[in-house]
Amino acid sequence: MRLVSFIDAQGRVRPGILEGETVRVINAPDVRSYIALSPDRRGAALGSEIIALRDVRLDVPVRPQRNIFCVGRNYLEHAKEGSKALGLDLKLPDVPTFFTKAPTALAAPDATLHLQARVSPQYDFEAELAVVIGTRCKDVTETQAMDVVFGYTCLNDVTARDLQRAHLQWFKGKSLDDTCPLGPWIVTADEVRDPHALTIGFRLNGEQKQHSSTGSMIFRIPRLIAELSKGMTLEPGDVIATGTPEGVGFARTPPEFLADGDMMEVEIERIGTLRNKVEIR
Ligand code: MG
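Residues numbered from 1 in each chain as written. Predicted model: local features only at pLDDT ≥ 70, side-chain atom pairs only at ≥ 80, totals over all residues. Heavy atoms only, no water.

**Some remarks on the packing of aromatic side chains**
Right, on to step 1. For the structure on display, the rule yields two aromatic pairs.
Right, on to step 2. On the numbers, 4.0 Å between centres and 5° between planes, the contact of Phe 125 with Phe 202 is stacked. Taken together, the residues span a long stretch of sequence, with Phe 125 in the loop between strand S10 (123-124) and strand S11 (127-133) and Phe 202 in strand S15 (residues 199-204) at a distance of 77 residues.
Right, on to step 3. A relative accessible area of 1% places Phe 125 in the buried class.
Right, on to step 4. For Arg 165, the ring lying beneath its charged end belongs to Phe 250, and the centroid distance is 4.9 Å. (Phe/Tyr/Trp six-rings, centres within 6.5 Å; stacked < 30°, edge-to-face > 60°. Helix = DSSP H or I, 4+ residues; strand = E, 2+ residues; numbered from the N terminus. Buried < 20%, exposed > 50% of the residue type's maximum accessible area, 1.4 Å probe, protein only. Lys NZ or Arg CZ within 6 Å of the ring centre and 35° of its normal.)

Written out as structure tokens, the structure reads:
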């Protein structure tokens, strides 16, 4: 199933299931409430109202009730390019490096991202596979971890590199408004047999900048969930961004940063393509 949040002709944000060129409306306040239902009650929430896809606008597929969880430096080649660009020795951690993005950073699929030139001259892209949690859980073992996954979507961890470096913590450089495009939909876990065997890529104005496989993650999804949920409750609708592969702008020679009018595309096999235009004023 492909789950969407959509804005109907009356301007209401509603949850639905994408069925070809139509959307079947879900009888729940929003996608997060739907995900929080027990699996047997989810079926009962599917309504009979069908709306043509062309008559709606897609919104952020799920809005977690708190920050978006992220993992830094989770692909070896990306960790290498980052250390090289900064002139640092490569030192990989024994545990995942978690940080978060503020929920106000979320942006819808196809939305234009309004970024401010006076805030940063160094906006960069990061294509990432995002995991959506389906079950309230804590202290999940690696063996149980995939059972709490509801589904997957694409995320672009847009980053103001100068701010990321100016602050000891990455939060500020990762949390500006419109720097967390998510979507275009959530593909349920049953349709993604192996989330560690997906081609992941990023195109800037049609030119391939990142191309890798989710199989290259240093810490895989079960380990990420086990580490994150250790002593900390995860909630339905929580989003975990699993890190970006090599090819990001700042590590290129010479460095490349986003410019006004750029078109960004995050594409992940079996999941979809997340497109966002950049406006920098
Ligand atoms: Mg990232």
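Still to come is the rest of the account.
**A few points about the coordination of the magnesium ion**
Each donor-metal-donor angle would ideally measure 109.5 degrees in four-coordinate tetrahedral geometry, or 90 or 180 degrees in six-coordinate octahedral geometry.
Right, on to step 1. Bound to the magnesium ion on the protein side are Glu 126 (OE), Glu 128 (OE) and Asp 157 (OD), at distances that span 2.0 to 2.1 Å.
Right, on to step 2. Written as a sequence motif, the donor arrangement for the magnesium ion is E-x1-E-x28-D. In this pair, Glu 126 sits in the loop between S10 and S11 while Asp 157 sits in the loop between strand S12 (149-156) and strand S13 (159-160), placing the two residues 31 residues apart along the sequence.
Right, on to step 3. The exposure class assigned to Asp 157 is buried, which follows from its relative accessible area of 0%. (Donors = N, O, S within 2.8 Å, 3.2 Å for Na, K, Ca; no water.)

**Regarding the sheet that holds strand S16 (residues 207-213)**
Right, on to step 1. One open sheet holds the five strands; their spatial order is S9-S19-S18-S15-S16, and the pairing between them is mixed. Every other strand in the sheet has two partners, leaving strand S9 (112-115) and S16 as the edge strands with one partner each. Strand-to-strand, the axes of this sheet are offset by a mean angle of 20°, without reference to chain direction.
Right, on to step 2. Bridge count between S9 and strand S19 (residues 272-280): four bridges; the pairing is parallel. Within the sheet, the bridge partner assigned to Leu 115 lies in S19 and is Ile 280. (Pairing = 2+ DSSP bridges. Axes fitted to C-alpha atoms, helices over the stretch in contact; angles between N-to-C directions.)

**Side note on helix H6 (residues 221-229)**
Right, on to step 1. Summarising burial for H6: eight of the nine residues are buried, a large majority.
Right, on to step 2. All buried positions along H6 are accounted for by Ile 221, Pro 222, Leu 224, Ile 225, Ala 226, Glu 227, Leu 228 and Ser 229.
Right, on to step 3. If you follow the buried residues of H6, they end up packed against strand S6 (68-72), strand S7 (97-101), S11, S12 and strand S17 (239-241).
Right, on to step 4. Of the residues trailing H6, Gly 231 is marked for its positive phi of about 70°. (Contact = heavy atoms within 4.5 Å.)

**Things to note about the side chain of Asn 156**
Right, on to step 1. Positionally, Asn 156 belongs in strand S12.
Right, on to step 2. Among the residues examined, Asn 156 registers a relative accessible area of 2% and is labelled buried.
Right, on to step 3. At 3.1 Å, the side chain of Asn 156 forms a polar contact with the backbone nitrogen of Glu 126.
Right, on to step 4. Setting aside anything within four residues of it in sequence, one finds Asn 156 in contact with Phe 125, Glu 126, Thr 179, Cys 180, Pro 181, Phe 202, Met 264, Val 266 and Leu 274. (Polar contact = N/O pair within 3.5 Å; in protein donor to acceptor, adjacent residues only side chain to side chain.)

**Section: unusual backbone geometry**
Right, on to step 1. Residue Pro 184 is bonded to the preceding Gly 183 through a cis peptide linkage, with omega at 10°.
Right, on to step 2. Mapped onto the fold, Pro 184 is located in strand S14 (residues 180-188).
Right, on to step 3. In this chain, Thr 253 is followed by Pro 254 through a cis amide linkage whose omega measures -10°.
Right, on to step 4. Here Pro 254 is to be found in the loop between S17 and strand S18 (263-268).
Right, on to step 5. The phi torsion at Arg 270 lies on the positive side, around 70°, for a residue other than glycine.

**Quick look at the nonpolar core**
Right, on to step 1. Ranked by size, the top nonpolar core spans 54 residues in total, and within it Ile 225, Leu 258, Met 264 and Ile 271 carry the most contacts.
Right, on to step 2. Apart from the residues lying within four places of it in its own chain, the contact partners of Ile 225 are Ile 133, Val 140, Ala 145, Val 148, Val 149, Leu 234 and Ile 240. (Core = buried A, V, L, I, M, F, W, Y, C linked by side-chain atoms within 4.5 Å.)

**Considerations on a nonpolar patch on the surface**
Right, on to step 1. On the surface, Leu 76, Leu 90, Leu 92 and Ile 218 cluster together to form a nonpolar patch covering roughly 270 Å² of accessible area.
Right, on to step 2. Along the chain, Ile 218 turns up in the loop between S16 and H6. (Patch = residues over 30% accessible without salt bridge, like charges linked within 9 Å, V, L, I, M, F, W, Y side chains within 5 Å. Areas by Shrake-Rupley, 256 points an atom, 1.4 Å probe, with all protein chains shown as cover. Salt bridge = Lys/Arg side-chain N within 4 Å of Asp/Glu carboxyl O.)

**So, the pattern of salt bridges**
Right, on to step 1. Inspection of the entire model under this criterion finds 22 salt bridges.
Right, on to step 2. Across the pair Lys 101 and Asp 157 runs a salt bridge whose closest N-O atoms are separated by 2.5 Å. Taken as a pair, Lys 101 in strand S7 and Asp 157 in the loop between S12 and S13 lie far apart in primary sequence, 56 residues in all. Assigned by exposure class, Lys 101 and Asp 157 land together as buried.
Right, on to step 3. In this structure, Arg 223 engages Glu 227 in a salt bridge whose closest nitrogen and oxygen atoms are separated by 2.9 Å. Pair noted here: Arg 223 and Glu 227 are both in helix H6, with a separation of four residues, about one helical turn.
Right, on to step 4. Connected through salt bridges with shared partners, the residues Lys 101, Asp 124, Glu 126, Asp 157, Arg 161 and Lys 174 form a single ionic network.

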